[in-house]
Amino acid sequence: MAHTVNRLSRFNMTALALGLAFLYLPIVILVIYSFNASRLVNVWGGWSLRWYVEFFNDRAMLEAAWMSLRVAAVSATLATLLGTLAAIGLARGERFAGRALFSGMLYSPLVMPEVISGLSLLLLFVALNAERGFWTVTIAHTTLTMCFVTVVVQSRLTSLDRSLEEAAMDLGCNPVKAFLMVTLPLIIPAIVAGWMLAFTLSLDDVVIASFTTGPGSATLPIRIYSEVRLGVKPEINAISTLVIALIAVLIVAASFASKLSSSQGESAVPL
Amino acid sequence: MSTRRIFARPARYAAIAPYLWMALFFLVPFGLVLKISLSQTAIAQPPYTPVFDLSEGWQALKAAFEELSLDNFRLLLSDNLYILSYLRSLVVAATSTLILILIGYPIAYGMARLPQRWQGLAMTLVIVPFWTSFLIRVYAWINILQHDGLFNRILLALHLVSEPVTWLSTDTAMYIGIVYSYLPFMILPLYATLAKMDRALLEAAEDLGASPWKAFWLVTFPLSLPGVGAGVLLCFIPIVGEFVIPDLLAGSNSLMIGQTLWLEFFTNKDWPVASAVAIALLLLLVPPLVLYDRLQRRQVEGRH
């Protein structure tokens, strides 16, 4: 018997197509206009790279971009380290004192309004009398993004077949060795994905960085944000396109890396 | 199992570093926000009193404790500005979440109905915009919605309007921005539950004479409610505290609570009131946060 429920109806297809168009068109338009020769943002003046040249001559913007890249790389690495350790504790630690508090602390920042996270971290840095700049932003980003890493790695760990670890231990490995030899290679794709997620989240953040940075060390999003508040500027289209390209390259690289390292062909994109 | 227990001990040691990190950079800062929300504004550095100074001994600490008061919270309750901006945040978050369900559900449903081999691709396509910068995506809409932007030119070309409409700095623009930014957060949990659903149930409903429409409301929709719940919480909670989107796209005559906090902190330099706004916002978010935490734990830890 032919069931209509198994067919993809025209309505389903339309919804899907419109949905994807809605998600992608604005970005495509942004990218196209970054190559616009005209100074007027919405008048097409032919293809040109002048806004990219403008960006590479804009010292303040370049400094901000460099600051952002450094913050993102350092905080993503720290976050991946801490987040993976946290995930191991939660997924393999069974019951321990303060476990509920621990997982609460790790899950709440995922949905916590950024203004609150930013404000509270700034108050801490002021209380500690820390000089605000690169390290305060990096610590703030690490705190936020390690929670995302934890979720990604933990869900991979809980879905793993534990009999592999147990077999390794039955064969004489100690737990640490069993973890390094058996578990770690299996969760590498999730760890790579976690790093990527942390990197892009850090590269994207305006609010927390605004609270925790000091004078003279603006990140790229802070600079973009202050420019955008004043209106559309073609140079921002060019910068945005470069950021999108960077992230695209990273995603492709990460998914290749995880395909190579994992026989199951696990994608680097989580969720 | 004994091997599991042997494994548990080093795993717990692994948790020590992140535990301490989160205690120092998540828990302690909250204590500070709470403390400063009970302090007075001062023209000093830092701009509040009392300042706890452990070097001055126990007596000074005790005196400082006695100076704490609920004045900032009384201010929040007495000044309409704050109550109105809390209300606005709730209304905006509720409205956006509703729109997100209406738009996200058909998309997630379409994805779940795709042939198996296309589903992975469709999911990647939904996730990729989530990886591109949030700020850039909002900026993309400013491009489109500005006075001589693409949207107005399309409307003019189609003769739907006779002169350009002002979109920027309106609530419409803000809703477009919010829905656009949060759509993947709604689609993914919905898709996850819809894809898991057993199609035999729908076939059974059809065999028993239910129309597709009826089968949808009697079978599919009730079964997808956990996904709807997760999507709603994942969108509602962060939208309540949203700052960037309303600041860039909405008008400045009514502020959401995140903007009020920002204003108190950066423009008025009133740290105690900003902290009180943060505490009140957090209290507002506690019920949905607790719900979200339960759902999340059930999903992540329930797979043993």
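Let us look at the structure shown here. (Residues numbered from 1 in each chain as written. Chains lettered and ligands numbered in written order. Predicted model: local features only at pLDDT ≥ 70, side-chain atom pairs only at ≥ 80, totals over all residues. Heavy atoms only, no water.)

It is worth spelling out the overall build of chain A at this point. The helix and strand tally for chain A stands at 11 helices and zero strands. Residues classed as buried in chain A amount to 58% of the 271 residues present. A sequence separation of at least 24 residues applies to 69% of the contacts in chain A between residues at least 6 apart. (Helix = DSSP H or I, 4+ residues; strand = E, 2+ residues; numbered from the N terminus. Buried < 20%, exposed > 50% of the residue type's maximum accessible area, 1.4 Å probe, protein only. Contact = heavy atoms within 4.5 Å.)

All right, on to the interface of chain A and chain B then. Taken together, the 108 residues of chain A in the interface contact 101 residues of chain B. Carbon and sulfur atoms supply 75% of the area buried between chain A and chain B, which totals about 9600 Å² over both sides. Applying the counting rule to chain A against chain B returns one salt bridge. Asp-247 of chain B is the partner of Arg-229 of chain A in a salt bridge, and the nearest nitrogen-oxygen pair spans 3.4 Å. Run the count over chain A and chain B and you get 12 residue pairs in polar contact (both at pLDDT 80 or more). When residues of the side of chain A that touches chain B are assigned to their parent elements, the largest contribution, 14 residues, is made by helix 1 (residues 10-33) of chain A. Tallied by class, residues from the side of chain A that touches chain B come to 72 nonpolar, 24 polar and 12 charged. (Buried area = accessible area lost by both parts, 1.4 Å probe. Salt bridge = Lys/Arg side-chain N within 4 Å of Asp/Glu carboxyl O. Polar contact = N/O pair within 3.5 Å; in protein donor to acceptor, adjacent residues only side chain to side chain. Nonpolar A, V, L, I, M, F, W, Y, C, P; charged D, E, K, R; others polar.)

Below, the discussion takes up the nonpolar core. Counting residues in hydrophobic clusters, the biggest one holds 170 residues, and the most contacted among them are Phe-102, Val-115 and Phe-211 of chain A together with Leu-76 and Val-244 of chain B. It is helix 9 (residues 171-196) of chain B that provides the largest number of residues to this core, a total of 14 residues. If we ignore the near neighbours within four places in the chain, the residues touching Phe-211 of chain A are Val-115, Gly-118, Leu-119, Leu-122 and Arg-132 of chain A together with Leu-261, Trp-262, Phe-265 and Phe-266 of chain B. (Core = buried A, V, L, I, M, F, W, Y, C linked by side-chain atoms within 4.5 Å.)

Another point: the packing of helix 1 of chain A against helix 7 (residues 134-145) of chain B. Packing of helix 1 of chain A against helix 7 of chain B brings their axes to within 9 Å, and their N-to-C directions diverge by 75 degrees. By the angle between their axes, helix 1 of chain A is roughly perpendicular relative to helix 7 of chain B. Residues Phe-22, Pro-26, Ile-27, Ile-29 and Leu-30 of chain A of helix 1 of chain A form the contact with helix 7 of chain B, whose own contacting residues are Ile-136, Arg-137, Tyr-139, Ala-140, Trp-141, Asn-143 and Ile-144 of chain B. Looking at the contact of helix 1 of chain A with helix 7 of chain B residue by residue, the class counts come to 10 nonpolar, one polar and one charged. (Axes fitted to C-alpha atoms, helices over the stretch in contact; angles between N-to-C directions. Parallel < 35°, antiparallel > 145°, perpendicular 65-115°, else oblique.)

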